[in-house]
Amino acid sequence: QVQLVESGGGLVQAGGSLRLSCAASGRTCNAVGWFRQVLGKEREFVAAISWNGRNTDYADSVKGRFTISRDNARNTVYLQMYSLKREDTALYYCAARPGLATKPPASYDYWGQGPQVTVSS
């Protein structure tokens, strides 16, 4: 079992930055992904990182603005978000899975609770 606890959500102005954290406990050698969801829409992939941090992947909409990283000594994965836009407003979830970092939400076994990120104009 893996437990995930996110933190760092909040309200930020467009163009600003925010960092989300995802702290894991339990089995920790997992790939981790960040996803986001807006009410009435499907959950979408944002970024993912392999368990050793060597491989990362990003959605086209966030490439160059978001950075995913991890500190395995702290069992924590981060999503640093820069140049935030109104369309980045969503609930952000981290998720974990054994094996490779992948994009489909359904491929992840464990999920956090989803802090809200709101970007105002």
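So, here's what we can say about the structure. Because the structure is predicted, anything quoted here is derived from the model rather than measured. (Residues numbered from 1 in each chain as written. Predicted model: local features only at pLDDT ≥ 70, side-chain atom pairs only at ≥ 80, totals over all residues. Heavy atoms only, no water.)

1. Notes on the pairing of strand β11 (residues 116–120)
Note the cut-off: Only protein chains enter the accessibility calculation, which uses a 1.4 Å probe; a residue is then buried when its area is under 20% of its type maximum, exposed when over 50%, and partly exposed in between. Counting from the N terminus, the helices are the DSSP runs of H or I reaching at least four residues and the strands are the DSSP runs of E reaching at least two. Between any two strands, pairing holds if DSSP finds at least two bridges.
Burial of β11 is one-sided: the residues V117 and V119 facing one way are buried, the residues Q116, T118 and S120 facing the other way are not. Pairing geometry for strand β2 (residues 10–13) and β11, over four bridges, is parallel. Its bridge partner being in β11, L11 is matched across the sheet by T118. The pairing of strand β9 (residues 90–97) with β11 spans two bridges and is antiparallel. Looking at the pairing, A90 lines up with V117 of β11.

2. Describing the side chain of D88
How we decide: Counting of polar contacts relies on pairs of N or O atoms within 3.5 Å, with two restrictions inside protein: one atom must be capable of donating a hydrogen and the other of accepting it, and residues adjacent in sequence are counted only when both atoms are side-chain atoms. The contact definition used throughout considers only heavy atoms, calling two residues in contact when any of these lie within 4.5 Å.
Within the secondary structure layout, D88 lies in the loop between β8 (76–81) and β9. A polar contact is formed between the side chain of D88 and the side chain of R65, at a distance of 2.7 Å. Discounting chain neighbours no more than four positions away, the residues touching D88 are R36, R65, F66, S83, V117 and V119.

3. A look at the pairing of strand β1 (residues 2–7)
Going residue by residue along β1, you find V2, L4 and E6 tucked away on one face and Q3, V5 and S7 left uncovered on the opposite face. Where β1 and strand β3 (residues 18–26) come together, six bridges link them in antiparallel fashion. Bridge assignment links Q3 to a residue of β3, and that residue is S25.

4. Thoughts on the side chain of S50
Residue placement: S50 occurs in the loop between β5 (44–49) and β6 (56–58). Here the side chain of S50 touches N52 through a polar contact of 2.8 Å, side chain to side chain. Discounting chain neighbours no more than four positions away, the residues touching S50 are A31, N55, R70 and A101.

5. Some points on the state of the cysteines
Test applied: Throughout, disulfides are identified as pairs of cysteine sulfur atoms within 2.5 Å of each other.
Under the definition given, this model contains one disulfide. In this model C22 forms its disulfide with C94; the gap between the sulfur atoms is 2.0 Å. Here the disulfide of C22 and C94 is right-handed, its torsion about the S-S bond being about 65°. Of the two residues, C22 sits in strand β3 while C94 sits in strand β9, which places them 72 residues apart along the sequence. A relative accessible area of 2% means that C22 is categorised as buried. Under the relative-accessibility criterion, C94 is labelled buried at 0%.

6. A closer look at the packing of aromatic side chains
Worth spelling out the cut-off: Two aromatic rings, drawn from Phe, Tyr or Trp (for Trp, its six-membered ring), form a pair once their centres lie within 6.5 Å of each other, and the interplanar angle then sorts them: stacked below 30 degrees, edge-to-face above 60, tilted otherwise. The rule is short: NZ of Lys or CZ of Arg within 6 Å of the ring centre and within 35 degrees of the ring normal puts a charge over the ring.
For the coordinates displayed, the defined rule picks out five aromatic pairs. Look at F35 and F45: their rings are 5.9 Å apart centre to centre, the planes differ by 70°, and that puts the pair in the edge-to-face class. Placement of F35 in strand β4 (residues 31–37) and of F45 in strand β5 is noted, with a sequence separation of 10 residues between them. Accessibility assignment for this pair places F35 and F45 in one class, buried. Aromatic pair F35 and Y108: ring centres 5.1 Å apart, planes at 75°, arrangement edge-to-face. Within this pair, whereas F35 is found in strand β4, its partner Y108 is found in the loop between β9 and β10 (110–111), the two being separated by 73 residues in sequence. In this structure F35 comes out as buried when scored by relative accessible area, which is 0%. The structure contains a cluster of three or more aromatic residues connected by ring pairs, namely F35, F45, Y93, Y108 and W111. The ring of Y93 has R43 sitting right over it, with the charged end atom 3.8 Å from the ring centre. The lysine or arginine in question, R43, covers the ring of W111, its NZ or CZ lying 4.7 Å from the ring centre.

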